[in-house]
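Notes for the structure review
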Amino acid sequence: MPDIAPTTAPPAAALGSLRDRVSAEEWRLRVDLAAAYRLVALFGWDDLVFTHISARVPGPEHHFLINPYGMLFEEITASSLVKIDLDGKVVLDTGFPVNPAGFTIHSAVHQVREDAGCVLHLHTADGTAVSTLEEGLLPLNQTAQLVIDDLAYHDYEGVAFNHDERPRLQHDLGTRNTMLLRNHGTLTVGRTVAEAFTRMYFLERACTMQVRTLTMGRALYPSAQEAIDRNIEISRMGVSQAANLLVWPALLRRLARQLPGYQD
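The paragraphs below set out a description of the structure included in this document. (Residues numbered from 1 in each chain as written. Predicted model: local features only at pLDDT ≥ 70, side-chain atom pairs only at ≥ 80, totals over all residues. Heavy atoms only, no water.)

1. Some remarks on the pairing of strand β5 (residues 118–122)
Counting buried positions along β5 yields five of five residues, so the element is predominantly enclosed. A two-sided burial pattern is seen for β5, the buried positions comprising C118, L120 and L122 on one face and V119 and H121 on the other. Sheet analysis places strand β1 (residues 53–56) next to β5, joined by three bridges and oriented antiparallel. From the neighbouring strand, A55 faces β5, where its bridge partner is C118. Sheet topology note: the β5/strand β8 (residues 185–190) ladder contains five bridges and is antiparallel. (Buried < 20%, exposed > 50% of the residue type's maximum accessible area, 1.4 Å probe, protein only. Helix = DSSP H or I, 4+ residues; strand = E, 2+ residues; numbered from the N terminus. Pairing = 2+ DSSP bridges.)

In structure tokens, the structure reads:
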């Protein structure tokens, strides 16, 4: 691993709010992205200070928001998020360091997917376990069957420091919105933060269901192929309306009760 200097950045609250220094559109995106980081922590999906969620800032500049490196996800606020360019260079300094290497996977997606408003990448135990199975995610239950038609796979090439990997990841993802990174973790794409998070919820839940099912060591009761096909057709309707209009507002209410402060 490369040498990393310890962060001496001040607490997020000490920097004050960025609300008056950015556009209204960017501020709304910052609030949603900070909420996503807090929700990842709330769901137990975080990995200390590692993994990232990125979001494209509205406008022609191809700027992105990403977490300040060294902060726990439960600490992240709208104002502490760092704005970077497609090469991972800081364009709006909030007093926190960033991890340019951590943006490698995200930049690969943002570079070729104009619809990628948000890219969410995790290292959860169950997601990584399923990514390590040769057969990957199996259609063992309704949740998995609603995921698999939009699921891609990318072979492991080591810690993602090398930008040469980006064309292969782009090819493997194609137009799909969920991915198992072999031996590594999970990834989802959404036009909004709400869509990326909702897709991740179902992908992670399907992986957890598979891990629990296979660990029972009992004979499996397979779904009829006709039922699987019907669920795949239903999945092609997408998650957009449910994510943006139903799921996300409910999650924000939960976050306000259990882990407030992300809007600062």
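Once you've had a look at it, read on.
2. Structural notes on the nonpolar core
Counting residues in each nonpolar core, the largest one holds 53 residues, and the members touching the most others are Y37, I53, L137, F197, L203 and W248. Counting residues per element, this core draws most heavily on helix α1 (residues 24–42), which supplies 11 residues. Those residues in contact with I53, other than ones at most four positions away along the chain, are L33, A36, Y37, V40, L65, I66, N67, H106, C118, V119 and L120. (Core = buried A, V, L, I, M, F, W, Y, C linked by side-chain atoms within 4.5 Å. Contact = heavy atoms within 4.5 Å.)

3. Describing the sheet that holds β8
Spatially, eight strands are ordered β4-β3-β2-β1-β5-β8-β7-β6 in an open sheet, and the strand pairing comes out mixed. The sheet is open, and its two edges are formed by β4 (90–92) and β6 (151–154), each paired on a single side. Across this sheet, the average inter-strand angle for adjacent strands is 25°, counted without regard to direction. Across the sheet, helix α2 (residues 104–112) is in contact with β1, β2 (64–66), β5, β7 (178–181) and β8; its angle to β5 comes to roughly 150°. Sitting on the sheet, helix α3 (residues 125–132) is in contact with β7 and β8, with an inclination near 75° to β7. (Axes fitted to C-alpha atoms, helices over the stretch in contact; angles between N-to-C directions.)

4. Overview of unusual backbone geometry
What you tend to see is this: most non-glycine residues have negative phi, and most peptide bonds are trans. One non-glycine residue, L48, adopts positive backbone phi at about 55°. Its location among the elements puts L48 in the loop between α1 and β1. Backbone geometry at T51 places phi at a positive 70°, although glycine is not the residue there. By the secondary structure assignment, T51 is in the loop between α1 and β1.

5. Overview of the environment of F73
With respect to the element layout, F73 can be found in the loop between β2 and β3 (82–84). F73 gets classed as buried once you look at its relative accessible area, which sits at 0%. Remark: the alpha-carbon pair of F73 and A219, spanning 146 residues in sequence, is separated by 39 Å. Once you skip the residues sitting within four places of it in the chain, F73 turns out to touch Y37, R38, V40, A41, D46, L48, V49, F50, T51, H52 and N67.

6. A closer look at the side chain of Q170
With respect to the secondary-structure elements, Q170 resides in helix α5 (residues 166–173). Not counting chain neighbours up to four residues away, the residues in contact with Q170 comprise A108, Q111 and V112.

7. Quick look at the packing of helix α6 (residues 193–215) against helix α8 (residues 240–258)
Viewed as axis vectors pointing N to C, α6 and α8 meet at an angle of 85°, and their least axial separation amounts to 9 Å. Between α6 and α8, the angle falls in the class roughly perpendicular. Of α8, the residues touching α6 (which contributes V193, A194, E195, F197 and T198) are S240, A243, N244, V247, W248 and L251. Of the residues belonging to the contact of α6 with α8, the class tally is seven nonpolar, three polar and one charged. (Parallel < 35°, antiparallel > 145°, perpendicular 65-115°, else oblique. Nonpolar A, V, L, I, M, F, W, Y, C, P; charged D, E, K, R; others polar.)

8. Side note on the pairing of β7
Because side chains alternate across β7, one face comprises the buried residues T178 and L180, and the other comprises M179 and L181, equally buried. Pairing of β6 with β7, which is carried by four bridges, proceeds in the parallel orientation. From the neighbouring strand, A152 faces β7, where its bridge partner is M179. Handedness of the β6-α5-β7 crossover: right-handed. Pairing geometry for β7 and β8, over four bridges, is antiparallel. Across the sheet, residue M179 finds its bridge partner in β8, namely L187. Counting the residues between successive antiparallel strands, the hairpin from β7 to β8 contains three residues, one of them, N183, with a positive phi of roughly 60°. (Right-handed = clockwise from strand over helix to strand, strands pointing away.)

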